[in-house]
Amino acid sequence: MTLLRHFGEPTRRLFFKRTALPIIVVTLLVATLTTGLLLWSATQSDGVAVSRQKSLVALIISKLESGIAHDQESVTVWDDAVSALRSQDAKWVDTNLGTWMHTYFGHDEVYILDPKDAPVYAFADGSAVGPASYQSIRPTTAPLVENLRARLKQGDTDGVTEQVLTIGASDMVVISGHPAIVSIKPVVSDSGHIAQVPGQEFLHVAVRYLDGSLLASLRQDYLLDDAHFSWSNMLSSEEASYPLVGRSGSTVGFFVWQPYRPGAFVLFQLVPILVAVFGLVLGGIIVALAALRRRTLRLIETENHIYHLAHYDLLTGLHSRGHFNSRLADALTLLPATGEQLAILYLDLDRFKQVNDSFGHPAGDELLREFADRLRRLTVEVDTVARLGGDEFIIIQRAVAGENEVKTLCEHLIESARRPFEVAGVQVFVGVSVGVALAPRDGVDQVELVRKADLALYHAKAGGRSGYALFEPEMDQTLAKRKGLEQDLRKALQTPGHIRVHYQPLYTADTNRMTGVEALARWSHAERGWVAPDLFVPLAEETGLIEVLGELVLRQACLDAVHWPIETLAVNVSGLQLNNPSFAMKVTSILLETQMDPRRLELEVTESTLSERPTECQQNMAALRSVGVRFALDDFGTGFSSLGRLQSLEVDRIKIDRSFVQGFGGSNGDEAIVQAIIDLARVTGLSTTAEGVETESQCNYLRKLGCDQLQGFLLSRPVPKEDLQELLDGGSRRATA
């Protein structure tokens with residue numbers, strides 16, 4: 001009624017004073033408050049949007065340097081790269097270290113520096129150019145090269161992890177008028193079989209411009225409008241920037257873009273409505289809120305993408321190592337309250353490196369993605385499947401009922417990995433080994449559980465690939481014993497008299513005359529006594545001590561046998577030795593040092609050794625054969641035996657594996673196999689030696705088959721040089737077991 005009364009004021013002045021003016025004032029106040037609220041909301045939204053985009057740009061820039069270094073490690077941690085650079089294989093270097101880095105990773109310039117920091121290869125403007133072009137960037141890269149060389153010489157491994165394989169140097173600089181990231185990595189052996197002097201490695205220099213194709217991809221992938229590079233920070237009111245700072249702290253330039261401002265965009269749409277009809281403010285606010293929600297969802301989506309990058313593996317989509325650690329910590333925290341068990345399954349693919357080497361890294365990536373999909377299908381939603389890096393995966397199996405449930409999952413995992421993978425248009429076969437630790441049975445400490453699962457994985461691999469093992473306390477003891485034995489072996493190799501050489505005679509089959517000996521390593525341990533060769537020789541191969549052991553045996557055998565009246569001194573050679581480019585030089589040096597006739601030396605190699613790295617093997621064999629050294633193929637018939645391989649390997653003798661000799665009289669047809677081997681040797685002009693002769697019947701049958709030489713306990717066990725000297729003084733008569 002009061003309102004109606006005011007509307008009924010008799011004069012315009014009273015109406016304006018009593019009714020209109022208060023309403024106008026209230027309306028203006030509401031409009032002012034509403035406008036102020038809208039302005040504040042728009043400003044806050046724009047601030048949040050710009051802040052998040054700056055965070056996104058900061059993340060992108062921070063990952064560029066590590067990403068370029070990671071790209072380099074795909075080709076710089078590679079035996080083939082070291083060999084190609086040493087042999088000056090220009091075509092290989094251009095294809096794999098230059099063109100590949102440009103076409104696959106988008107690197108703009110690539111340079112290779114030799115151990116003296118002289119350029120030996122250059123790639124720029126989309127093709128290989130003269131190495132002299134490196135001089136234009138030398139002043140910029142010289143401090144980085146000098147620093148990296150110093151770290152390499154010092155053996156500095158700071159920053160090296162399971163993901164970062166080698167140290168490097170990088171910086172944001174200006175190259176040819178372009179802002180760029182320069183990353184330098186050493187070219188090193190991935191197997192450790194190629195000897196390299198620290199600080200004298202070839203260096204791989206990669207340059208990625210920050211103002212070229214990279215900006216186009218950023219505009220497209222991250223919706224950064226008008227993204228460009230600027231030397232100065234002179235910005236318009238609609239632009240935002242992020243500084244590119246070098247290692248020295250100096251600013252190289254600025255990454256500039258027009259950030260999306262959802263608040264200003266919405267407010268601009270609402271201004272005509274507010275001016276025309278304030279009564280539609282409510283509807284305008286609803287529209288604005290709807291628009292703000294749509295724009296905010298876009299920002300949330302971008303934020304979720306950043307979260308995904310931080311918590312999930314980009315290649316497989318599985319959880320990352322960091323996210324796995326977080327989920328494992330949460331699961332272990334809940335164990336006391338729930339009383340549940342959980343299992344940590346540590347997985348490592350078998351023969352994955354062969355797939356990468358044979359078909360390339362893209363094929364390896366395809367295999368990893370397919371294997372990750374199989375892991376998802378074999379686990380349930382509450383489990384956690386993560387990729388730790390390379391071909392290593394890990395699973396948290398929740399609510400485990402008992403060991404049988406874990407074993408069942410392990411068997412399913414192994415069976416799944418045995419099925420062929422379709423990669424690069426062909427079927428490849430790999431396998432998986434699994435190590436398991438259970439909580440709380442094996443403890444509740446996060447680090448210890450993962451370590452125990454890893455230790456169980458080691459035992460699974462040691463027991464044969466494509467298997468699994470559950471952690472047992474004895475594994476720690478076994479590992480400790482192995483480490484202790486390894487330390488003792490290292491000391492024994494440095495202490496004269498601990499590693500001795502025994503000799504097993506070789507006799508002619510027809511006349512029983514000793515024509516040669518095979519040198520065999522024997523270890524006399526102060527506390528353990530005689531350590532079996534089957535125990536310490538594989539340990540030496542695993543720990544890289546086999547080259548020292550092999551050189552010791554070869555030198556001692558040559559010193560002992562130089563004056564013996566025998567035709568052949570046989571010495572076993574491992575794959576690591578024969579794959580060493582300097583092996584032929586080492587053998588020749590020992591022959592000269594001991595004055596041993598090279599024509600009396602026969603090196604025994606296995607078929608598997610000759611199949612691993614044929615180029616190095618053949619080069620070493622050719623060099624040694626040129627001075628008269630002969631070669632025997634040991635354990636023939638257990639590997640990739642074929643007439644074609646015998647012709648290509650150019651060996652002088654075949655040693656028939658003892659397993660065939662021991663099988664005489666059985667139902668496996670070993671007599672026919674041995675007969676075929678002897679006939680094959682005759683056709684190719686090779687001599688034959690049968691190993692493991694232990695009975696007279698075996699001896700007689702081998703003689704009947706036409707075998708040239710015999711070796712075994714029936715004839716003589718391996719003996720020290722003093723006992724062998726007695727055999728020689730006695731007319732090389734046959735010894736007794």
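Scroll up to find the structure this text is about.
Quick notes on the rules
Residues numbered from 1 in each chain as written. Predicted model: local features only at pLDDT ≥ 70, side-chain atom pairs only at ≥ 80, totals over all residues. Heavy atoms only, no water. Helix = DSSP H or I, 4+ residues; strand = E, 2+ residues; numbered from the N terminus. Buried < 20%, exposed > 50% of the residue type's maximum accessible area, 1.4 Å probe, protein only. Contact = heavy atoms within 4.5 Å. Salt bridge = Lys/Arg side-chain N within 4 Å of Asp/Glu carboxyl O. Pairing = 2+ DSSP bridges. Axes fitted to C-alpha atoms, helices over the stretch in contact; angles between N-to-C directions. Phe/Tyr/Trp six-rings, centres within 6.5 Å; stacked < 30°, edge-to-face > 60°. Lys NZ or Arg CZ within 6 Å of the ring centre and 35° of its normal. Expected span 1.5 Å × (residues − 1). Arc of directions from axis to C-beta.

> For this particular structure, what's the right way to read the overall build of the protein chain?
In terms of regular secondary structure, the protein chain is built from 25 helices and 25 strands. Counting over 737 residues, the protein chain shows a buried share of 46%. The contacts of the protein chain with a sequence gap of at least 6 include a subset with a gap of at least 24, amounting to 65%.

> Honestly, the pattern of salt bridges in this entry has me stumped. Any pointers?
Scanning all chains against the criterion turns up 27 salt bridges. D313 is the salt-bridge partner of R387, the closest N and O atoms lying 3.1 Å from each other. Of this pair, R387 sits in strand β11 (residues 384-389) while D313 is found in the loop between α8 (281-311) and α9 (321-338), placing the two residues 74 residues apart along the sequence. The residues R387 and D313 share a single accessibility class, namely buried. Salt bridges sharing partners connect three or more residues here, namely E403, K407, R441 and D442.

> Before we go on, may I ask you to explain the sheet that holds strand β15 (residues 431-439) in this structure?
For sheets, the rule is that strands pair by backbone hydrogen bonds, running either parallel or antiparallel. Sheet architecture is open: five strands sit in the order β11-β12-β10-β15-β16, paired in mixed fashion. The outermost strands of the open sheet, each flanked by one partner alone, are β11 and β16 (468-470). For this sheet, the mean inter-axis angle between neighbouring strands, taken without regard to orientation, is 20°. Inspection of the sheet shows β15 paired to β16 by three bridges, in the parallel sense. Looking at the pairing, V436 lines up with L470 of β16. Across the sheet, α9 is in contact with β10 (342-350), β11, β12 (392-397) and β15; its angle to β10 comes to roughly 155°. In the packing of helix α12 (residues 403-418) onto the sheet, contacts are made with β10, β12, β15 and β16, and the angle to β15 comes to roughly 165°.

> Which parts of the structure should I look at to understand the packing of aromatic side chains?
What describes a pair of aromatic rings is the distance from one ring centre to the other and the angle between the planes of the rings. Scanning the model with the defined rule gives ten aromatic pairs in all. Look at Y503 and W564: their rings are 5.0 Å apart centre to centre, the planes differ by 85°, and that puts the pair in the edge-to-face class. In this pair, Y503 sits in strand β17 (residues 499-508) while W564 sits in the loop between α16 (546-561) and β20 (568-572), placing the two residues 61 residues apart along the sequence. Residues Y503 and W564 agree in their burial class; the two are buried. What links up through ring pairs into an aromatic cluster is the set W100, Y104 and F105. Directly above the ring of F421 sits R374, whose terminal nitrogen or CZ lies 3.7 Å from the centroid.

> Any chance you could explain the sheet that holds strand β8 (residues 240-245) here in plain terms?
In space, the three strands of this open sheet follow the order β7-β9-β8, with antiparallel pairing throughout. Across the chains shown, the open sheet's two edge strands, defined by having one partner strand only, are β7 (225-230) and β8. Taken pair by pair, the neighbouring strands of this sheet meet at an average axis angle of 20°, ignoring direction. Pairing geometry for β7 and strand β9 (residues 251-258), over four bridges, is antiparallel. Across the sheet, the residue bridging to S230 is F254, located in β9.

> Even after reading the chapter, I still don't get α12, so can you show me in this structure?
At 3.6 residues per turn, the α-helix brings residues three or four places apart onto the same side. Helix length check: α12 (16 residues) gives 23 Å between terminal C-alpha atoms against 22 Å at 1.5 Å per residue, within 8%. The complete set of buried residues in α12 reads V406, L409, C410, L413, I414, S416 and A417. All buried residues of α12 project into a common sector of 160° when viewed along the axis, lining one side. Summarising the contacts, the buried residues of α12 are in contact with β10, α11 (361-378), β12, β13 (421-423), β15 and β16.

> Help me understand the pairing of strand β2 (residues 119-124) in this model?
A regular strand places its side chains on the two faces of the sheet in alternate fashion. Counting buried positions along β2 yields five of six residues, so the element is predominantly enclosed. One ladder, built from four bridges, connects strand β1 (residues 109-113) with β2; its direction is antiparallel. Bridging across to β2, L113 finds its partner in P119. The turn joining β1 and β2, which pair antiparallel and follow one another in sequence, is formed by five residues; a positive phi near 65° is taken by D117. Here β2 pairs with strand β3 (residues 127-129) via three bridges, running antiparallel. Considered in β3, the bridge of A122 is made with V129.

> Help me understand unusual backbone geometry, please; the structure alone is not making it clear to me.
A cis amide bond links A439 with the next residue in sequence, P440, at an omega value of 10°. We note that Q595 has phi near 60°; this positive angle belongs to a residue other than glycine. Topologically, Q595 is positioned in the loop between α18 (583-594) and β21 (601-606).

> Looking at this structure, I do not really get the pairing of β9. What am I missing?
With six of eight residues buried, β9 is to be regarded as a mostly interior element. The sheet contact formed by β8 and β9 spans six bridges and is antiparallel. If you follow P243 over to β9, its bridge partner there is F254. In this antiparallel pair of consecutive strands, β8 and β9, the connection spans five residues, and G249 shows a positive phi of 95°.

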